[in-house]
Amino acid sequence: MMKVTDKDVAYVADLANLELTDQERQRMLKDLNSILDYIDRLNELDTSDVPPMAQISGKFGGTEEPGSNSSHALRDDVLVPCLPHQEAMKNAPETDGDFFKVPKVIEK
């Protein structure tokens, strides 16, 4: 099993531009290793008799019962006109006329 180290957590936090306290970093380290331990437990299961893409409900298999919660969950795709470009630009807090202007969030 691969263990996440404090160095790994610090590296990912830096990539995500997060400033973690020592306590937060330790909690993240514990949580990530707990997830990896659970994945290792799941990998011990024999799934050779489980068909690929098995579903636990008929929601996606077309066997919904009328009146069930999932019978109306999906709708047909319908082609509709998109919002005109100029109309979208009117809603922008800041624009150069053609594009939305957004604040820079990555400084590296």
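Everything quoted here is computed from the prediction, not taken from an experiment.

Some points on the overall build of the protein chain
Move 1: The secondary structure content of the protein chain amounts to three helices and zero strands.
Move 2: Listed N to C, the secondary structure of the protein chain is α-α-α in terms of helices and strands.
Move 3: A buried classification covers 8% of the 108 residues belonging to the protein chain.
Move 4: A separation of at least 24 residues holds for 31% of the contacts in the protein chain among residues at least 6 apart in sequence.
Move 5: In the structure as shown, the protein chain presents an accessible area of about 10400 Å², 56% of it carried by carbon and sulfur atoms.

Brief notes about the pattern of salt bridges
Move 1: All told, the structure shown has five salt bridges when counted by the stated rule.
Move 2: A salt bridge links Asp6 to Arg25, with the nearest nitrogen and oxygen atoms 3.1 Å apart. With Asp6 in helix 1 (residues 6-15) and Arg25 in helix 2 (residues 22-43), this residue pair connects regions lying 19 residues apart in the sequence.
Move 3: Arg27 is the salt-bridge partner of Asp31, the closest N and O atoms lying 4.0 Å from each other. Taken together, the residues Asp31 and Arg27, both in helix 2 and four residues apart, mark about one turn of the helix.

Cut-offs applied
Residues numbered from 1 in each chain as written. Predicted model: local features only at pLDDT ≥ 70, side-chain atom pairs only at ≥ 80, totals over all residues. Heavy atoms only, no water. Helix = DSSP H or I, 4+ residues; strand = E, 2+ residues; numbered from the N terminus. Buried < 20%, exposed > 50% of the residue type's maximum accessible area, 1.4 Å probe, protein only. Contact = heavy atoms within 4.5 Å. Areas by Shrake-Rupley, 256 points an atom, 1.4 Å probe, with all protein chains shown as cover. Salt bridge = Lys/Arg side-chain N within 4 Å of Asp/Glu carboxyl O.

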